[in-house]
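The lines below spell out each chain.
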Amino acid sequence: MKKTLTLLFTLFIGYAHAQNADSVAIRKIFNEALSNGKSYEWLRHLTKQVGPRLSGSAGAQKAVDWTKQVMEQQGFDRVFLQDVLVPHWVRGAKEEAFIHNGKQKTNVPIAALGGSVATGPKGVEAGVIEVKSFPELRELGADKVKGKIVFFNRPMDPTKINTFEAYGGAVDQRANGATEAAKLGAVGAIVRSMTNVHDDNPHVGGMRYGTGVALIPTAAISTNAADLLSKSLTENSNLTFYFKQNCETLPDAKSYNVVGEIKGSEKPDEIIVVGGHLDSWDLAEGAHDDGAGCVQSIEVLRIMKSLGIKPKRTLRAVMFMNEENGLRGGVQYADLAKKNNEKHIAAVESDNGGFTPRGFGIVGTPEQRAKVMPWKPLLAPYGLLEIGAGGGGADIGPLAQSGTVLFGFKPDSQRYFDYHHTSIDKFETVSQRELELGAASMAALIYLLDQYGL
Ligand SMILES: [Zn+2]
């Protein structure tokens, strides 16, 4: 009995000792990020000097060159590029649009959705059918829809506390609205911007055409203009809407994922990824989406290096290319990992903005999630309270097929869609402190994943 007690006591002391060493290490990680952090100045450069960087653009290439250079300057063990062939869509000249009620024309802000076709040089003018859902559209049928512009006006649900849930409940209109409208003979589709804010910014994003339907032009309209159009329709259901857009899909372009690596000292074959996506929409500086995630990921490796933490496993910061309109970088990364027989035990993505950290969503088996739970008390002092099953991230998603456990960094979601995919997703909207807290939170998780594996 005495022996058992002694053993239990020794185990307990050992456990307490490890917990204490971990909590000291995590404290140091936060101190380093908050006192000597580099993520904010890197973000300033990426947004102000590089700027918009949609796949295939000169900006995207500039971002590849610059992040490679930054990681080389940090003295990581290895920095390399992975070739990725990406879609190359260009907006062309600024769009024009107006509501024409017979007497007067009121100009409204729109922006072509990524992947859309142009309207032709004369634009499109037609009557408008407003709907809130696809079933409502189908109910109207081809008789009512043919030759018209379909106006998808279902707002994001403002009562959802997590705004990503509200986004998920509305974004089908943007992704598939043109296809559903074209099936019934519509000549265009206008989609209410995905935001809870009432503003004048069209919030763009990707769309896809289904097979076998006419390719009709589609654009996002600002929420204020959507409200105006809806109100105008109640006053005059025969009004017409005009829009002209000049976008074009060019042949696929050569681009790259950018990878920086610190080699593991004990288990170099076990890889842990931390990443974000390097591309951004063409109208945006891409500060929250996803410049923040990129600079935070580089910062994670920098913090490890500057604190002299020698990871047991190999750590990689990955700047994925083409999340916004194709996900080719994420797919290519997972394909290469498979081809090279690499073992990725975990991947962490930051692609939900540079806001105050709240926790991490985990994609893995219940057993894998259970291994993470004992870390909760170590992370709680830093406000990381939301740790449990949840979303990982688009770019790391393809790694799940090979059994990699995915972690989605969860910052506060309340302001993300104020800026999402607009020209106001700017550096000025990012708080240095919140950005640095996010980088430290990610580094703390990476530290624990490296210590204990999964
Ligand atoms: Zn993103």
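Residues numbered from 1 in each chain as written. Predicted model: local features only at pLDDT ≥ 70, side-chain atom pairs only at ≥ 80, totals over all residues. Heavy atoms only, no water.

The name an unreviewed UniProt entry gives the protein is Carboxypeptidase Q, with Spirosoma endophyticum as the organism. Under the UniProt heading Subunit (unreviewed entry), the entry covering the protein gives this text: "Homodimer. The monomeric form is inactive while the homodimer is active." (UniProt positions renumbered as here; feature names shortened; annotations may be inferred.)

**Q** Explanation requested: the overall build of the protein in the structure shown.
**A** Assigned secondary structure in the protein consists of 13 helices and 16 strands. Here the C-alpha atoms of the protein give a radius of gyration of 24 Å, agreeing with the 22 Å that 2.2 N^0.38 yields for 454 residues. Taking all 454 residues of the protein together, the buried fraction comes to 55%. In the protein, the share of contacts with a sequence separation of at least 24, taken over all contacts with a separation of at least 6, comes to 83%. For the protein, the exposed area adds up to about 18900 Å²; of that, 53% sits on carbon and sulfur atoms. One finds the centroid of the 50 positive side-chain charges in the protein at a distance of 3 Å from the centroid of its 50 negative side-chain charges. (Helix = DSSP H or I, 4+ residues; strand = E, 2+ residues; numbered from the N terminus. Rg over C-alpha atoms; globule rule 2.2 N^0.38 Å. Buried < 20%, exposed > 50% of the residue type's maximum accessible area, 1.4 Å probe, protein only. Contact = heavy atoms within 4.5 Å. Areas by Shrake-Rupley, 256 points an atom, 1.4 Å probe, with all protein chains shown as cover. Lys, Arg positive; Asp, Glu negative; His and termini not counted. Charge placed at Lys NZ, Arg CZ, Asp CG, Glu CD.)

**Q** Sorry, what's going on with the pairing of strand 16 (residues 405–411) here?
**A** A regular strand places its side chains so that they alternate between the two faces of the sheet. Along strand 16, 6 of the 7 residues are buried, which leaves the element largely enclosed by surrounding structure. Note: strand 13 (residues 343–349) against strand 16, 4 bridges, orientation parallel. Residue pairing for strand 16: Glu349 is matched across the bridge by Gly408. In terms of strand pairing, strand 14 (residues 357–363) meets strand 16 through 6 bridges, oriented antiparallel. Pairing of Phe360 across the sheet is with Phe409, part of strand 16. (Pairing = 2+ DSSP bridges.)

**Q** Can you help me understand the coordination of the zinc ion in this one?
**A** Ideal geometry at a metal centre gives angles of 109.5 degrees when four donors are arranged tetrahedrally and 90 or 180 degrees when six donors are arranged octahedrally. Only His277 (NE2), Asp289 (OD), Asp351 (OD) and Asp351 (OD) from the protein coordinate the zinc ion, and they sit 1.9 to 2.7 Å from it. Coordination at the zinc ion comes from 4 donor atoms whose angles at the metal span 52 to 147 degrees, giving a geometry best classed as irregular. Sequence spacing of the donor residues for the zinc ion, all on one chain, is H-x11-D-x61-D. Taken together, the residues span a long stretch of sequence, with His277 in strand 11 (residues 267–277) and Asp289 in helix 8 (residues 287–306) at a distance of 12 residues. Given a relative accessible area of 4%, Asp289 falls into the buried group. (Donors = N, O, S within 2.8 Å, 3.2 Å for Na, K, Ca; no water. Tetrahedral: all angles 85-135°; square planar, octahedral: opposite > 155°, others 65-115°.)

**Q** Which parts of the structure should I look at to understand the sheet that holds strand 15 (residues 386–389)?
**A** Working definition: the strands of a sheet are paired by backbone hydrogen bonds and lie parallel or antiparallel to each other. With mixed pairing, 8 strands are arranged side by side in an open sheet as 1-10-12-11-13-16-14-15. Of all strands in the sheet, those with a lone pairing partner are strand 1 (78–90) and strand 15, marking the two edges. Taking each pair of neighbouring strands and ignoring which way they run, the sheet shows an average axis angle of 20 degrees. Where helix 13 (residues 432–452) meets the sheet, it contacts strand 11, strand 12 (313–320), strand 13, strand 14 and strand 16, and its direction lies at approximately 40 degrees from that of strand 14. (Axes fitted to C-alpha atoms, helices over the stretch in contact; angles between N-to-C directions.)

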